Amino acid sequence: MKEDESPPHPHRSIPFHPSPPRDGSDSGGSVAAVPPSPRAAAAAARPPVMTSLPGRGVSPSSSDPLCEGNAAPSSSSSSGQDLKQWKNSILSCVFSSPFSIFEAHQDSSANRSLKPHSGSYAWSRFLRRIACTSSMWRFLGASKALTSSDVWFLGKCYKLSSEELSNSSDCESGNAAFLEDFSSRIWITYRKGFDAISDSKYTSDVNWGCMVRSSQMLVAQALIFHHLGRSWRKPSQKPYSPEYIGILHMFGDSEACAFSIHNLLQAGKSYGLAAGSWVGPYAMCRAWQTLVRTNREHHEAVDGNGNFPMALYVVSGDEDGERGGAPVVCIDVAAQLCCDFNKNQSTWSPILLLVPLVLGLDKLNPRYIPLLKETLTFPQSLGILGGKPGTSTYIAGVQDDRALYLDPHEVQLAVDIAADNLEADTSSYHCSTVRDLALDLIDPSLAIGFYCRDKDDFDDFCSRASELVDKANGAPLFTVVQSVQPSKQMYNEESSSGDGMDSINVEGLDGSGETGEEEWEIL
């Protein structure tokens, strides 16, 4: 994939601008003032309404009750048809407008900026807020924002239908619970106005940094899960927790922030990362591997502590995945990485797994779609780095045949959140707009992420992954093995970890578990 040259974000919210006052004048002259009628006086006393609803090719019409200043039908209407037409018009406005709760992925060449405009902007925010409420949907005759099917979001199931909840403790009910979870995820987007990247002149990543931003979102969720837990939700009151603010600080846009775009590009130079250039998922995963290792070494040299609280395992297959074939998760390699993370102690550490994949040539092979969907049901799921060709997004959920994602293509000003500022404004790191994309339109080059908190969690992940292999009909996303064949001398016979498990000869590894063309014992 390579980044397209289109403007940064086809989904940017568009402000609502009031139409010129209807004072009876035209370009040719003026007319005498006419006293307002009682009905006009009553209309003038109402709050201002939005005057245009630019959306998905839908032009405002005079029949739209929210367009061109038209008032809602009065309670004295004698026909139920008028009320039905009014409700349908509101639905059309809500679903077609830029602030709709669920918004499909589109391509667009429009380059628009977000500029709040007095009262009309406030009204757009107000309608966006009430559109989330179940009472609003019931009033409008629409029971759900998407469909009534279940949503799987980062390993958690949300029941959006009116059916009774299942006995599974992983399921919650209602749109509100899902939207609260979604809007609590860390949203990282294009930024402008930061310090120049390295020796370049780039002070913005607009049009080229979407893969970097998508990867930052995935890693940020891993840190949230690690420090605050999967059930954490963004609090409505300040002060915020130090862990939450500390995570946001690490993803700031300067060299002083551990996981900034500046430092990621520096770490990924050998994999082709450079300011102004687009990069694929595989190279992005390798850049994270290098950055985490460098970060850890630096902090151990300074204060004896690492800044990244988990081991990182970039999973690939034969010859680093360059010859194709399913990537291989080796349990012994993961154990060794955890051992190294814990400074040769036998205890198992938290571990982040990144699995870059190529699942087709020009388009995603349909046989992989059910498997991709199921990975999002894993409780260890961190989502997918993927999107349409040239447009990287962070896919975090699925409903039916639609991927639900956070979009990095929103241009925002760079912000500096200090690690000790618990009163910081963090609104630019959260988004309540859920966008969706057909699964069969996803680019075949992508990467999947998983976070395992401990050994039991990792074992559960391996069990689920092995079951997924059984469902793959000979074409798995990735496989799981216990160890490398002893005939390849992957073990160091002169050393032992002290707990009965042989140590892996890490000279055959590159720091992330790759071993070239070794033979594998598949579970």
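Residues numbered from 1 in each chain as written. Predicted model: local features only at pLDDT ≥ 70, side-chain atom pairs only at ≥ 80, totals over all residues. Heavy atoms only, no water.

You'll find the protein entered in an unreviewed UniProt entry as Cysteine protease, with Oryza barthii given as the organism. Regarding the protein, the UniProt comment filed under Subcellular location (unreviewed entry) reads as follows: "Cytoplasm". (UniProt positions renumbered as here; feature names shortened; annotations may be inferred.)

When you look at the overall build of the protein in this model, what are you seeing that I'm missing?
Check the secondary structure of the protein and you find 12 helices and 18 strands. Each of the 523 residues in the protein was classed as buried or not, and the buried ones make up 49%. A sequence separation of at least 24 residues applies to 73% of the contacts in the protein between residues at least 6 apart. (Helix = DSSP H or I, 4+ residues; strand = E, 2+ residues; numbered from the N terminus. Buried < 20%, exposed > 50% of the residue type's maximum accessible area, 1.4 Å probe, protein only. Contact = heavy atoms within 4.5 Å.)

It is not clear to me how the pairing of strand 11 (residues 402–406) should be interpreted in this structure. Could you clarify?
The side chains of a regular strand alternate, residue by residue, between the two faces of the sheet. Burial of strand 11 is extensive: 4 of the 5 residues sit out of reach of the surface. Bridge count for strand 10 (residues 391–399) against strand 11 is 5 bridges, and the pairing is antiparallel. Counterpart to Gly-397 in the pairing with strand 11 is Leu-404. Here strand 11 runs beside strand 13 (residues 434–438); their pairing, made up of 4 bridges, is antiparallel. Along strand 13, the bridge assignment pairs Tyr-405 with Arg-435. (Pairing = 2+ DSSP bridges.)

What is the right way to look at helix 12 (residues 455–470) in this model?
Since there are 3.6 residues in each turn of an α-helix, residues three or four apart along the chain are aligned in direction. Its 16 residues give helix 12 an end-to-end C-alpha distance of 23 Å, which sits within 8% of 22 Å, the value for a rise of 1.5 Å per residue. Of all the positions in helix 12, only Phe-458, Phe-461, Cys-462, Ala-465 and Leu-468 are classed as buried. For helix 12, the arc enclosing every buried residue in end-on projection is 120°, short of the 170-degree limit, so these residues lie on one face. Opposite the packed face of helix 12, turned more than 90 degrees from it, sit the exposed residues Asp-456 and Asp-470. If you check the start of helix 12, you find a side-chain oxygen 3.3 Å away from the backbone N of Asp-456, and it comes from Asp-454. (Expected span 1.5 Å × (residues − 1). Arc of directions from axis to C-beta. Polar contact = N/O pair within 3.5 Å; in protein donor to acceptor, adjacent residues only side chain to side chain.)

Please clarify how the nonpolar core should be interpreted in this entry.
For soluble globular proteins, nonpolar side chains are generally found buried alongside one another. By size, the foremost hydrophobic cluster in this structure holds 71 residues, and its most contacted members are Phe-178, Phe-251, Phe-259, Met-284, Trp-288 and Leu-352. Core analysis: the second largest hydrophobic core is formed by 49 residues, Leu-371, Phe-378, Ile-384 and Phe-461 among them. (Core = buried A, V, L, I, M, F, W, Y, C linked by side-chain atoms within 4.5 Å.)

What should I look at first to understand the packing of aromatic side chains in this one?
Note on aromatic pairs: each is described by the distance of the centres and the angle between the planes. Under the defined criterion, the tally for this structure stands at 18 aromatic pairs. Relative to Phe-182, the ring of Phe-178 has its centre 6.1 Å away and its plane inclined at 50°; by these criteria the two rings are tilted. Note that Phe-178 and Phe-182 are positioned in helix 5 (residues 175–184) at a spacing of 4 residues, about one turn of the helix. We note that Phe-178, like Phe-182, is buried. Each residue in the set Trp-348, Phe-378, Phe-450, Phe-458, Phe-461 and Phe-478 is aromatic and connected to the rest through ring pairs, giving one cluster. The ring of Tyr-429 carries the charged tip of Arg-191 above its face, separated from the ring centre by 4.8 Å. Stacked on the ring of Trp-348, the Lys or Arg Lys-455 has its end atom at 5.5 Å from the ring centre. (Phe/Tyr/Trp six-rings, centres within 6.5 Å; stacked < 30°, edge-to-face > 60°. Lys NZ or Arg CZ within 6 Å of the ring centre and 35° of its normal.)

For this particular structure, what's the right way to read the pattern of salt bridges?
Tallied over the entire structure, the rule returns 10 salt bridges. Here Asp-253 ties to Arg-213 by a salt bridge, and the two come within 2.9 Å at their closest N and O atoms. Here the residue Asp-253 occupies a position in the loop between helix 7 (242–250) and helix 8 (261–267), and Arg-213 occupies one in helix 6 (residues 210–228), the gap between them amounting to 40 residues. With respect to class, Asp-253 is no different from Arg-213; both count as buried. The closest approach of N and O atoms between Lys-455 and Asp-459, which form a salt bridge, is 2.9 Å. On the criterion of helical spacing, the pair formed by Lys-455 and Asp-459 is a turn pair, its members being 4 residues apart in helix 12. (Salt bridge = Lys/Arg side-chain N within 4 Å of Asp/Glu carboxyl O.)

Explain the environment of Gly-383 here, please?
Here Gly-383 lies in strand 9 (residues 381–388). Those residues in contact with Gly-383, other than ones at most four positions away along the chain, are Leu-154, Leu-218, Leu-376, Tyr-394, Ile-395, Ala-396, Ala-447, Ile-448 and Gly-449.

How should I be thinking about helix 6 in this particular structure?
Its 19 residues give helix 6 an end-to-end C-alpha distance of 26 Å, which sits within 8% of 27 Å, the value for a rise of 1.5 Å per residue. Of all 19 residues making up helix 6, 17 are buried, and the element is well covered by its neighbours. Positive backbone phi, approximately 95°, marks Gly-229, located one or two places after helix 6.

It is not clear to me how the packing of helix 6 against helix 7 should be interpreted in this structure. Could you clarify?
When two helices pack together, their arrangement is given by the angle between the helix axes and the distance between those axes. Between helix 6 and helix 7, the least distance of the axes is 10 Å, while the angle of their chain directions is 160°. Here helix 6 lies roughly antiparallel to helix 7, going by the angle between them. Seen from above, helix 6 lies across helix 7 with right-handed handedness. In contact with Ala-220, Leu-223, Ile-224, His-227 and Leu-228 of helix 6, helix 7 contributes Glu-243, Tyr-244, Ile-247 and Met-250. For the contact of helix 6 with helix 7, the class distribution of residues is 7 nonpolar, 1 polar and 1 charged. (Axes fitted to C-alpha atoms, helices over the stretch in contact; angles between N-to-C directions. Parallel < 35°, antiparallel > 145°, perpendicular 65-115°, else oblique. Left-handed = near helix turned anticlockwise from the far one by under 90°. Nonpolar A, V, L, I, M, F, W, Y, C, P; charged D, E, K, R; others polar.)

What's the story with the side chain of Arg-233 in this structure? I'm lost.
Summarising the element assignment, Arg-233 is placed in the loop between helix 6 and helix 7. For Arg-233, a relative accessible area of 16% puts it in the buried group. A polar contact is formed between the side chain of Arg-233 and the backbone oxygen of Arg-230, at a distance of 3.2 Å. Within the structure, the side chain of Arg-233 is placed 3.3 Å from the backbone oxygen of Ser-231, a separation counted as a polar contact. Discounting residues that sit within four places of it in the chain, Arg-233 has contacts with Lys-156, Tyr-158, Glu-180, Asp-181, Ser-184 and Arg-185.

I tried to follow the environment of Ile-351 on my own but got confused; where do I start?
Looking at where Ile-351 falls in the secondary structure, it is placed in strand 8 (residues 351–358). Ile-351 gets classed as buried once you look at its relative accessible area, which sits at 0%. Between the C-alpha atoms of Ile-351 and Asp-457, which are 106 residues apart in sequence, the distance is 9.8 Å. Sequence-distant contacts of Ile-351, defined by excluding residues within four places in its chain, comprise Met-310, Ala-311, Tyr-313, Ala-334, Cys-338, Phe-450, Tyr-451, Cys-452 and Phe-458.

How do you make sense of unusual backbone geometry when you look at a structure like this?
Excluding glycine, residues mostly have negative phi values, and the peptide bonds linking residues are mostly trans. Of note, the amide linkage connecting Lys-238 to Pro-239 takes the cis form, showing an omega dihedral of 0°. Within the secondary structure, Pro-239 is located in the loop between helix 6 and helix 7. Its identity as a non-glycine residue notwithstanding, Leu-154 has a phi of 50°, on the positive side. On the secondary structure map, Leu-154 appears in the loop between strand 2 (151–153) and strand 3 (156–159). Its identity as a non-glycine residue notwithstanding, Ser-198 has a phi of 50°, on the positive side. You can see Ser-198 is positioned in the loop between strand 5 (191–192) and helix 6.

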